Amino acid sequence: MPGLLTLPPFPDDVPTHPLLVVDYELICKRDEEEICKLWKAATELGFWYLKNHGVDEEVDGMFEMGAETMRLPLEEKMKYEQGDEGSSFGYKAAGANATDENGSLDTVEFINVSKDDALAWPEKVHREYPPTVNARMESTIKPFVQKSLAVNYTLLEVLNDRLGLPKGALARCHPLEEPSGSESRCIKKPPKPEGISEAQAAIGAHTDFGSLSFLHNGLGGLQVMVPGTNEWQYVRPIPGHAVCNLGDAMTIFSGGILRSNLHRVVPPPKEQGKYERWSLVFFTRPGNSVELRPLSDESPIIAEAVSNVPDAKYNTGCTAQDWFARRIRNQRIKNRTGPETWRSSRGTEHQPSAY
């Protein structure tokens, strides 16, 4: 992580939730046992570890880019702030988002770089970025985006086949050439302040906006809500292992077969909480024009799943762009009018007791 040579170990005396470990190299070889493991993780919790993904070198470079960007003066970073209109690309300052319906402010800052801007560089698709980002676009950010896309598209292809969809159905929902909300995000979270609770310091409970998230971090802090309970448990970081999780779009496309699980980020436990927490995510999201609906007309497996739930449960009536913009826009504190604003920013598993 930026600026740190060694970190205290994750403690053994806090509640953790075990994740299945999926070997990406075996997935690429279409090893049936490994595919069954991925399917089990994707349908039961929606989170898993991924090893042998081959992106570690690019991850290190992205953390360096993040540190260079966060060291810029706030006045300079705010020139590239993402704004309040429902776009997430650019810089987000600490305190710009609500973390609950009471309007509690978040404590993290991050830099988001659009997949489209990275792949089109030096052409611009969406927006301008800080000079520290531009300096790393060709050498660092574009390779990270390309490798992350390759990993996520491979996982989507395997899930596509297990869902009984025609070859390439999920890929067609994520066309590389179409603008989308897909992005890299480098996040800096300060040490836990004294005198506040774990919940007060959290990035609020949420499901992810898109399809598949590819996370890298060295300190603890990520927690999942154990399905069927109101209990939060840590996910232990393992060196060399990414954490993958599914988002709302995959739950919707699959008619609820795949799980987009509630999670949050709290200060790292025990001694780890005294350090800045850096994390890096690549979010794969559907093309902007793609309608978020179950793909039941393409898969009898999905059609059967949809037949067992209320008619409107997964028929959102909106595109991926609309879904994404609604969730981003309504968590911005400047757009807050009351508790209903926060509620309008929620995803497929809105659960008031979790907040």
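Because the structure is a prediction, the values reported are computed rather than measured. (Residues numbered from 1 in each chain as written. Predicted model: local features only at pLDDT ≥ 70, side-chain atom pairs only at ≥ 80, totals over all residues. Heavy atoms only, no water.)

## Concerning the overall build of the protein chain
Across its full length, the protein chain holds 12 helices and 12 strands. Taking 2.2 N^0.38 as the reference for a compact globule, 355 residues should give roughly 20 Å; the C-alpha atoms of the protein chain span a radius of gyration of 19 Å, in line with that estimate. If you line up the protein chain on its principal axes, its C-alpha atoms span 55 × 45 × 45 Å. The buried share among the 355 residues of the protein chain stands at 57%. Residue pairs in contact within the protein chain that sit at least 24 positions apart in sequence constitute 78% of those at least 6 positions apart. (Helix = DSSP H or I, 4+ residues; strand = E, 2+ residues; numbered from the N terminus. Rg over C-alpha atoms; globule rule 2.2 N^0.38 Å. Buried < 20%, exposed > 50% of the residue type's maximum accessible area, 1.4 Å probe, protein only. Contact = heavy atoms within 4.5 Å.)

## With respect to the nonpolar core
Residues Trp-48, Leu-50, Ile-141, Leu-155, Phe-253 and Leu-258 are the most contacted members of the largest nonpolar core, which totals 65 residues. Among the elements that line this core, the one with the most residues is helix H7 (residues 137-162), at 10 residues. If we ignore the near neighbours within four places in the chain, the residues touching Leu-155 are Ile-27, Leu-38, Trp-48, Leu-50, Leu-212 and Cys-244. Counting residues in each nonpolar core, the second largest holds 14 residues, with Tyr-49, Leu-215, Val-224 and Val-243 among its members. (Core = buried A, V, L, I, M, F, W, Y, C linked by side-chain atoms within 4.5 Å.)

## Structural notes on the packing of aromatic side chains
When we look at a pair of aromatic rings, we describe it by the centre distance and by the angle of the planes. For the structure on display, the rule yields three aromatic pairs. Pairing Phe-10 with Tyr-234 gives two aromatic rings, centres 5.8 Å apart and planes at 75°, and the pair type is edge-to-face. In this pair, Phe-10 is assigned in the segment before strand E1 (21-23) and Tyr-234 in strand E9 (residues 232-234), connecting sequence segments 224 residues apart. Consider the rings of Phe-144 and Phe-282, whose centres lie 6.4 Å apart with planes at 80°: the pair is edge-to-face. A residue pair is termed long-range when its members are at least 10 positions apart, and Phe-144 in helix H7 and Phe-282 in strand E12 (residues 277-284) qualify at 138 residues. (Phe/Tyr/Trp six-rings, centres within 6.5 Å; stacked < 30°, edge-to-face > 60°.)

## So, the packing of helix H3 (residues 56-70) against H7
Helix-helix packing: each pair is described by the crossing angle between the helix axes and the interaxial distance. H7 packs onto H3 with a crossing angle of 135° between their chain directions and a minimal axis gap of 9 Å. One finds that H3 runs oblique with respect to H7. For the element pair H3 and H7, the recorded crossing hand is left-handed. Touching Glu-58, Val-59, Gly-61, Met-62 and Met-65 of H3 are Thr-140, Ile-141, Pro-143, Phe-144 and Lys-147, all from H7. Partitioned by chemical class, the residues of the contact of H3 with H7 number six nonpolar, two polar and two charged. (Axes fitted to C-alpha atoms, helices over the stretch in contact; angles between N-to-C directions. Parallel < 35°, antiparallel > 145°, perpendicular 65-115°, else oblique. Left-handed = near helix turned anticlockwise from the far one by under 90°. Nonpolar A, V, L, I, M, F, W, Y, C, P; charged D, E, K, R; others polar.)

## Points about the confidence of the model for the protein chain
Per-residue confidence for the protein chain averages 92 on the pLDDT scale, and 94% of its residues sit at or above 70. Here residues 351-355 is a poorly scored stretch, pLDDT under 50, and it has 15 contacts once near neighbours within four places are set aside; other chains count. (pLDDT = per-residue confidence, 0-100.)

## Overview of the sheet that holds strand E4 (residues 109-114)
Here we have eight strands laid out as an open sheet, ordered E1-E2-E10-E7-E12-E5-E4-E3, and mixed in their pairing. Looking at which strands have only one partner, the edges of the open sheet turn out to be E1 and strand E3 (90-92). Ignoring which end each strand starts from, the neighbouring axes of this sheet average 25° apart. The pairing of strand E2 (residues 47-51) with strand E10 (residues 242-246) spans four bridges and is classified as antiparallel. The residue of E10 that forms the bridge with Phe-47 is Asn-245. Sitting on the sheet, helix H2 (residues 32-44) is in contact with E1, E2 and E10, with an inclination near 140° to E1. (Pairing = 2+ DSSP bridges.)

## Looking at the pairing of strand E5 (residues 183-189)
Burial analysis of E5 places seven of its seven residues in the buried class, which makes it a mostly covered element. Neither face of E5 is left uncovered, since the one carrying Glu-183, Arg-185, Ile-187 and Lys-189 and the one carrying Ser-184, Cys-186 and Lys-188 both have all their residues buried. Bridge count for E5 against E12 is seven bridges, and the pairing is antiparallel. Within E12, the residue paired with Glu-183 across the bridge is Phe-283.

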